[in-house]
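Structural overview
Single-letter residue listing:
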Amino acid sequence: MNKKKIINDPVFGFLTIPNDLLYDILQHPYVQRLSRIRQLGLSNFVYPGVMHTRFLHSIGAMHLMQEGIDSLRQKGVAISDNESTSAQIAILLHDVGHGPFSHVLEHTLVSGITHEEISLLMMEQINLDMSPKSEQHLWTQRPLDEAIAIFKDEYPRHFLHQLISSQLDVDRMDYLCRDSFFSGVQEGRVASERLLKMLNVVNDRLVVEYKGIYSVEKFLVARRLMYWQVYLHKTSVAAEQLLIQLLTRAKELANRGVELFCPPALHYFLYHHITGKDFFLGSEALKQYALLDDSDITSSIKAWMSCDDQVLRLLSTAFTHRQLYRGRILSEPLSDEDKKMLSQHYVEALGIAPEDAHYFFVEHVTTSNTYSEKDDSIDILYPDGDVKDIGAASEILDVKLLTKKPKKLYLFQFRA
């Protein structure tokens, strides 16, 4: 069977699956599940075109990894074929642990574990699944061992990890290009091809050659604009907060023993108290999580529009019909008196119990971080061999502004 496939990507054109191992990993159910999870969660409430999936993003990031490694090799950086494949595997699987609608589950149905930690558990399980079972064909190491070491930054060549996770990695290059393309927000476009061509390695760290400094500046500005214009758009955040409140109410009802319609995977998380310790390799929690995708959530919410509980019914109907929370920026947190007045309003307007009023208004803080001096810096390589941080090298970027984490405090309210 020919496993060297070509995929037609609307952003980068024709992408190749370079070897059998990568093809087999792409066919794994954990990876195929990503085709049922949208990359931007609920941003389609604002930008209807953002229907692309985490699967497409992962393939695009794998392609950029291949391009980046080819560029480094042309500059004399020795990277073996095994290292190249392992780096591509690591970036292909970097998002494999994401749940439906981005981080919503981490705030509702699962506690004590992040999607990054789940990604690592899934990578370990894929590694086991793909290891030969016959004693006559034992590997000296399992096929994903090197990829997992690179992912965890335990591989001796740190720059390979930087290609996967840093402030100028192929993950960010792909999602900025891809999310800009599908949303139509042109301010997010970055010169990914030029950035990759300008990469080099000095003392086991990624650097960008000086003539690529303008592309780095554009990259950082684009990232900042995309966060406030797309990822943290007020309406997207309002939709996410409504979904969090909705699932929190469903979880509360499940804890009371109320039987709600939902597919088996969602039922498992609603009717069990799942924490990080439940996610060990091969566990039931990991198995059920791997079956959970966007359709489980949306189909359940549609069914809950006719459930007996008034709170869940109102929230589900609002979400399905896009009657999202209204949002406004607060100059200071709500006082106890403000909260009391809001609660009384919803008790009277909706005829709900006072203890349930908190589901209909939410205070929420959003924040973004364009650049952090504490993380792996973006280093610029000068022709004389000198290396400077982008903050010191750039003539137009202010380090204080780059590292500042602006915050917005919102009040989101149910439309009643």
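To start, this report covers the structure provided alongside it. (Residues numbered from 1 in each chain as written. Predicted model: local features only at pLDDT ≥ 70, side-chain atom pairs only at ≥ 80, totals over all residues. Heavy atoms only, no water.)

**A word on the packing of helix α3 (residues 54-74) against helix α8 (residues 170-183)**
In helix packing, the relevant descriptors are the interaxial angle and the interaxial distance, both defined with respect to the helix axes. The condition is simple: Between the N-to-C directions of two axes lies an angle of 0 to 180 degrees, each axis being a line fitted to C-alpha atoms and, for a helix, fitted only over the stretch in contact. Secondary structure is summarised from DSSP: a helix means a run of H or I of at least four residues, a strand means a run of E of at least two, and numbering begins at the N terminus for each. The cut-offs work like this: below 35 degrees is roughly parallel, past 145 is roughly antiparallel, 65 to 115 is roughly perpendicular, and the gaps in between are oblique. For any helix crossing, the convention is left-handed if the near helix is rotated counterclockwise from the far helix by under a right angle, and right-handed if that rotation is clockwise. A contact between two residues is defined here by any heavy atoms of the two lying within 4.5 Å. Each residue receives one of three labels: charged for Asp, Glu, Lys and Arg, nonpolar for Ala, Val, Leu, Ile, Met, Phe, Trp, Tyr, Cys and Pro, and polar for the others, Gly being one of them.
With their axes 9 Å apart at the nearest point, α3 and α8 run at an angle of 130° to one another. Here α3 lies oblique to α8, going by the angle between them. Along this stretch, α3 crosses α8, giving a crossing that reads as right-handed. Residues Leu56, His57, Gly60, Ala61, Leu64 and Met65 of α3 touch α8, and the partners they reach there are Val170, Asp171, Met173, Asp174, Tyr175, Arg178 and Phe182. Looking at the contact of α3 with α8, its residues break down into eight nonpolar, two polar and three charged.

**Some thoughts on the sheet that holds strand β11 (residues 407-413)**
Selection criterion: Strand pairing follows a simple DSSP-based rule, namely that at least 2 bridges must link the two strands.
Taken together, three strands build an open sheet; the order of strands is β7-β11-β8 and the sheet is antiparallel. A strand with exactly one partner marks an edge of an open sheet, and here the two such strands are β7 (326-329) and β8 (361-367). Taken over all neighbouring pairs, the strand axes of this sheet differ in orientation by 30° on average, direction set aside. Pairing of β7 with β11 involves four bridges; the strand directions are antiparallel. Considered in β11, the bridge of Ile329 is made with Tyr410. With respect to the sheet, helix α16 (residues 336-350) is in contact with β8 and β11, its orientation differing from that of β8 by roughly 130°.

**Description of the packing of helix α11 (residues 234-255) against helix α14 (residues 294-304)**
Between α11 and α14, the least distance of the axes is 12 Å, while the angle of their chain directions is 70°. Between α11 and α14, the interaxial angle falls into the category roughly perpendicular. Touching Leu243, Leu246, Leu247 and Ala250 of α11 are Ile297, Ile301 and Trp304, all from α14. Residue composition of the contact of α11 with α14, by class: seven nonpolar, no polar and no charged.

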